[in-house]
Structures are given as structure tokens and as C-alpha cells.
Amino acid sequence: MTDSAQEKTGLGNYFVANYPPFSAWQASHLPAAHAALNAPPKPGTPLGLYLHIPFCRKRCKFCYFRVYTDKNARDVEVYLGALLKEVELYSKTPAVKGRPLHFVYFGGGTPSYLSAGQLRGLFEKVQELLPWSNTDEVTFECEPGTLQQHKLETLKDLGVSRLSLGIENFDDAILEANGRAHLSAEIFRAYGWARDLRFPQINIDLIAGMVGETWNNWRECVRKTIDLAPDSVTVYQMELPFNTVFSKELQVIGQHTVDPAQVADWPTKRAWVDYAFDEFLKAGYSQSSAYTVVKDAARTKFFYRDSLWHGADMLGTGVASFGHVGGVHMQNVASWEKYVEALERGELPLGRALPVAPRQMLLRELMLQLKTGRLHGRYFHEKFAADILKDFSNEFDSLRRDGYVRLHDDDVELTRRGLLQVDTFLPVFFEPEYRGTRYT
Ligand code: SF4
């Protein structure tokens, strides 16, 4: 591939969300998942719960998540019943029984697609099975157009501490061209209600490089975000994974690359994120990861992210969800029917798994923590008895020469250049068998 071809936004994922890559997870490893769930937990390991709500009003054209836009009220009830059954099955396993939950995350899909009544029922029943009264954080993802004031009041009352709004862009034409269900008026209305209700933390998600994006509009998006003054802002760079509406449209065109007039290339997207970070820092925000800035670093934490990136256990519930328990990665079946049927039989709906070797645990944490912008050598020494600066001296030296990292006595720090493209170079740490493999 030529340099210029590499810089075009081609089809596929670039985001490194886990290690070893998902393509290595197999159904043949499911006995390891069941063994981990039947063993007592490793003392001191935090536990989280992820609940996947797979409904959306419309499918965004860039979306590759397992979501449904055609389910009726009865289907939603069936799904919520299955989800609760899954939580119940987990709550009885030796790996989970009696363990406090450190964080809870409602993701999707669109959790805010559910009605206030459905949400109240779901929260209350889950908490009967897995109490979370002392949890550090309850995150809830929202699509602005699904929010009404009374739904937000319910969420506040139910203990949501981190409300994450999928705003993505403020321009109606761009929102529409990318298949988003909401328009800008709904953003301001929902944000105002959420602020009035004093949620402890409000996060805004933006995407740099949606189809139709321009420099002028992106500057406006950043300005409007700063005007709203959220507690944190997360900025993603637009990917074009396989199995999205956009990728299918593009494959019909036949080139597997995108018309550059429609989708910005990677250098442009990085320039947009670079600009956004500059503006947020000028407005008093600080960087908390390669994607996120926070207004008040002492107060604004993100326990879900930081716990996962430091090796927490997490129950991944819902269709196609990912989890990790006792050193084993696990993912649920990805089909609605198989998911519901397994739970009707009283079985956990696991579809594939991968036991993670100690060395891979270290690599996983190294790569994920690098995304915070800093690695602390001492942490790896204490947890893994490893000297990462020595063990990976070739990799770090090469990243330093490329201007991605600065090396200190015992720490590694990402430069801005490194923060902007951390996912592109993380594969240098992959074990040889996973280099060049399909990631998902
Ligand atoms: S709202 Fe989120 S999950 Fe739903 S289709 Fe759009 S990107 Fe996908």
C-alpha cells in the first residue's frame, strides 16, 4: 500500500479496544470461561457490570454495533426479561456471588430508547440481584432525541452518575447525512434538562470526520461544545468498519476506498482532533486519554474505562456483549434468537472466549493504559514484576524516534502526535501471531 493510500479512510477498524484481538476468541475456549465463572475471584479485583441495550430509533450509517431498529414493545419486554435472567445467572456464580459492583455501564445501542417505566423496572430488578449501592459510577448512554425531562428525572432518581450524550455533531445536514436520528435542537433541549437536574457528570461525544464535515463546521462544533461546558468531552475519529451502511454503499461503488470529497482522510481528521484538543485546553480542560478531555481532573473520573484498562473483571450482559472474568475474555452470541433461547433454557448465552496468558494480560494493560497518555513503570513492576522500559526498549525507542512518545526514568509519555494516532501504532506490541491478523 502506498503512503497516500494508507492515509485515506479505507474500510476496516483502527480502534484497538482489547487484546488479544477478537478474531482469536473461539467457541472452543468456552470451557475456560465456565471454569473461570465457577472459581472464586482473585482477591482485590474490582467487578463491573455492562448492560447492552441494543435498540436504536435509526441505524447510523457508520454504525457496526449489534443494534435493532425494528423491534416492537413485546420484543423489548422479551429482551429485558432475558437480560435480567442473564444477570441472575451471573449473580449465582462463585466468581460473582457476594461481590460488590464497582461500576455499572448501560451502553448500546441506545439505553435511553427505553421508557422511564422500563428503566425503573430494569434498574430495580438488576439491583435486587446485584446490589450497587456503593458503586463508584453508573454510566448511561443517551441519544438526545430520545430524552424527555421526566426520563432524565427518572435516571437521576435511579442513581445515574455519569450521563453520556451521543451528540457527535451540531449540524443538522451532517447529522442527517450520516443517518443520526437526532437533530441539533434536541441536543440543546436535552442538555439543558440534564444540567438543571445536576447530574454529577455529563459527557459529550463528538466524531471528527463524519461525512460532509468541513473545517468551518468542525470549529463551530468545538465552540458550541465549549459553550455547553460539559464535564468531559470524548472525540472519536470516524472509522469505516465493514458491515456499515456506508461501507456497503462504498463497496457497491467497488473501490474499497472512499471518495475523498465525502470522507476526510486520516491527516485531516487528526488535524481536527488536534484543533479540538487545543481549544479545549485553552478553555481549561485537561487531557484524560487519547480521546477524552475533562474539565476538572480532580473531580471527573471515568471508573469504567480506568478499571477495565487496569484489569478489572466485567460481566458483559446483553446480545453480543464482551466481558472478562478471572483471566478469561468472553463474548455473548451475536444473534437475538440465540441469545434469548439460551436464557430461556437457563444457560449463559456465551458464544466465544479466550483464556488470557499472564504475558498477554501485561500486553493488554500496557496497550490500553498507553491510551491514557502515560505508562507508569512502577505499576507494571508491582503488578507483573516486569520492567517494561527494558523489556520493550526496541519498541519504545522506535516510537520515540517517530515522535510518538517521550521516555522518562520510569515512565512513558505520549506526545500530542502519539495521542492523535495511538491506535495505529499499538500493534507493534502485538505478539507475532497476532500481527497483521484481522482484529475483529
Ligand atoms: S445511535 Fe449509536 S448504536 Fe445506535 S445506530 Fe447510531 S451509532 Fe449505532
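What you see is a predicted model, and the numbers here were worked out from it, not measured in a lab.

A.B. asks: Tell me about the overall build of the chain, and name the residues and values.
C.D. replies: When you go through the chain residue by residue, the secondary structure sums to 18 helices and 15 strands. Computed over C-alpha atoms, the radius of gyration of the chain comes to 21 Å, within 12% of the 22 Å expected from 2.2 N^0.38 for 440 residues, which places it in the range of a compact globule. Here the chain holds 440 residues, and 45% of them are scored as buried. When contacts within the chain are restricted to residue pairs at least 6 apart in sequence, long-range pairs at least 24 apart make up 76% of them.

A.B. asks: Quick one: what's the story with the site of the ligand, residue by residue and with numbers?
C.D. replies: Close to the ligand lie C56, R59, C60, C63, F65, V67, G108, G109, T110, E143 and G166, which account for all nearby residues. Its residues assigned to classes, the shell around the ligand shows five nonpolar, four polar and two charged.

A.B. asks: If you had to explain the environment of D423 to someone new, which residues and values would you point to?
C.D. replies: Mapped onto the elements, D423 comes out in helix α18 (residues 422-425). Residue D423 is classed as partly exposed on the basis of its 19 C-beta neighbours within 10 Å. A C-alpha to C-alpha distance of 25 Å links D423 and L315, two positions 108 residues apart in sequence.

A.B. asks: An account of the sheet that holds strand β15 (residues 411-414) is requested, with residue identities and associated values reported.
C.D. replies: One open sheet holds the three strands; their spatial order is β13-β15-β14, and the pairing between them is antiparallel. Unpaired on one side and paired on the other, β13 (374-376) and β14 (405-407) mark the two borders of the sheet. When strand polarity is set aside, the average angle formed by the axes of neighbouring strands in this sheet is 15°. Contacts between helix α16 (residues 393-401) and the sheet are confined to β14 and β15, with β14 contributing the most and set at about 120° to the helix.

A.B. asks: Lay out helix α4 (residues 116-129) in plain terms, naming residues and giving numbers.
C.D. replies: Look at α4: 20 Å from first C-alpha to last across 14 residues, which is about the 20 Å you get at 1.5 Å a residue. Among the residues of α4, L119, L122, F123 and V126 are the ones counted as buried. Take α4 and look down its axis: the buried residues cluster within an arc of 95°, on one side only. The outward face of α4, more than 90 degrees from its buried face, is lined by the exposed residues G117, E124 and E128. Of the surrounding secondary structure, the elements contacted by the buried residues of α4 are α3 (73-91) and α5 (149-157).

A.B. asks: So what's going on with the pairing of strand β4 (residues 162-168)? Residues and values would help.
C.D. replies: Across the seven residues of β4, seven count as buried, placing the element largely inside the fold. By the alternation rule, side chains of β4 split into R162, S164, G166 and E168 and L163, L165 and I167, which are all buried. The pairing of strand β3 (residues 137-142) with β4 spans four bridges and is parallel. Each residue of the ladder has a partner; that of T139, found in β4, is R162. Between the parallel elements β3 and β4, the chain passes through α5 in a crossover that is right-handed.

A.B. asks: Can you tell me about the packing of α3 against helix α12 (residues 336-344), naming the residues and giving the values?
C.D. replies: Describing two packed helices takes the angle between their axes plus the distance from one axis to the other. Two elements in contact, α3 and α12, have axes separated by 9 Å at closest approach and are oriented at 55°. In terms of their interaxial angle, α3 and α12 are classed as oblique. Crossing of α3 over α12 shows left-handed handedness. In this structure, α3 contributes V78, A82, K85 and E86 to the contact, and α12 contributes Y339, V340 and L343.

A.B. asks: Please set out unusual backbone geometry residue by residue, giving values where relevant.
C.D. replies: Cis peptide bonds are those with omega within 30 degrees of zero, and the linkage from Y19 to P20 qualifies with -10°. Within the element layout of this structure, P20 appears in the loop between α1 (3-7) and α2 (30-37). A cis amide bond, omega 15°, links G108 with the succeeding residue G109. Topologically, G109 is positioned in the loop between β2 (103-108) and α4. Even without being a glycine, R198 presents a positive backbone phi close to 60°.

A.B. asks: I'd like a description of the domain arrangement of the chain, backed by residues and values.
C.D. replies: Assigned domains within the chain: domain 1 (23-307) and domain 2 (357-425). When each unit is reduced to the centre of its C-alpha atoms, the spacing between domain 1 and domain 2 is 27 Å. Here the side of domain 1 that touches domain 2 takes three residues from helix α10 (residues 266-282), the largest share from any one element. Counted by class, the side of domain 1 that touches domain 2 contains two nonpolar, two polar and two charged residues.

A.B. asks: Describe in detail the nonpolar core, supporting the description with residues and values.
C.D. replies: One finds L165, L206, A208, A276, V328, L366 and M367 to be the most contacted residues of the largest nonpolar core, which totals 120 residues. Setting aside its immediate chain neighbours within four residues, L165 contacts C142, P144, A190, Y191, I202, N203, I204 and D205.

A.B. asks: Give me α3: which residues, what numbers.
C.D. replies: A rise of 1.5 Å per residue sets the reference length of α3, with its 19 residues, at 27 Å; its end C-alpha atoms lie 27 Å apart and thus fit the reference within 8%. Taken together, the buried positions of α3 are occupied by Y79, A82, L83, K85, E86, V87, L89 and Y90. Of the surrounding elements, those touching the buried residues of α3 are β1 (47-53), α4, β9 (313-317) and α12.

A.B. asks: I'd like a rundown of the environment of I204, residues and numbers included.
C.D. replies: Of note, I204 is situated in strand β5 (residues 201-208). Between the C-alpha atoms of I204 and Y113, which are 91 residues apart in sequence, the distance is 18 Å. Ignoring sequence-local partners within four residues, the contact set of I204 consists of L165, I167, T225, L228, P230 and V233.

How each quantity is defined
Residues numbered from 1 in each chain as written. Predicted model: local features only at pLDDT ≥ 70, side-chain atom pairs only at ≥ 80, totals over all residues. Helix = DSSP H or I, 4+ residues; strand = E, 2+ residues; numbered from the N terminus. Rg over C-alpha atoms; globule rule 2.2 N^0.38 Å. Buried ≥ 20, exposed ≤ 12 C-beta atoms within 10 Å, placed from the backbone. Contact = placed C-beta atoms within 7 Å. Near = placed C-beta within 6 Å. Nonpolar A, V, L, I, M, F, W, Y, C, P; charged D, E, K, R; others polar. Pairing = 2+ DSSP bridges. Axes fitted to C-alpha atoms, helices over the stretch in contact; angles between N-to-C directions. Expected span 1.5 Å × (residues − 1). Arc of directions from axis to C-beta. Right-handed = clockwise from strand over helix to strand, strands pointing away. Parallel < 35°, antiparallel > 145°, perpendicular 65-115°, else oblique. Left-handed = near helix turned anticlockwise from the far one by under 90°. Domains from an automatic or database assignment. Core = buried A, V, L, I, M, F, W, Y, C linked by C-beta atoms within 7 Å.

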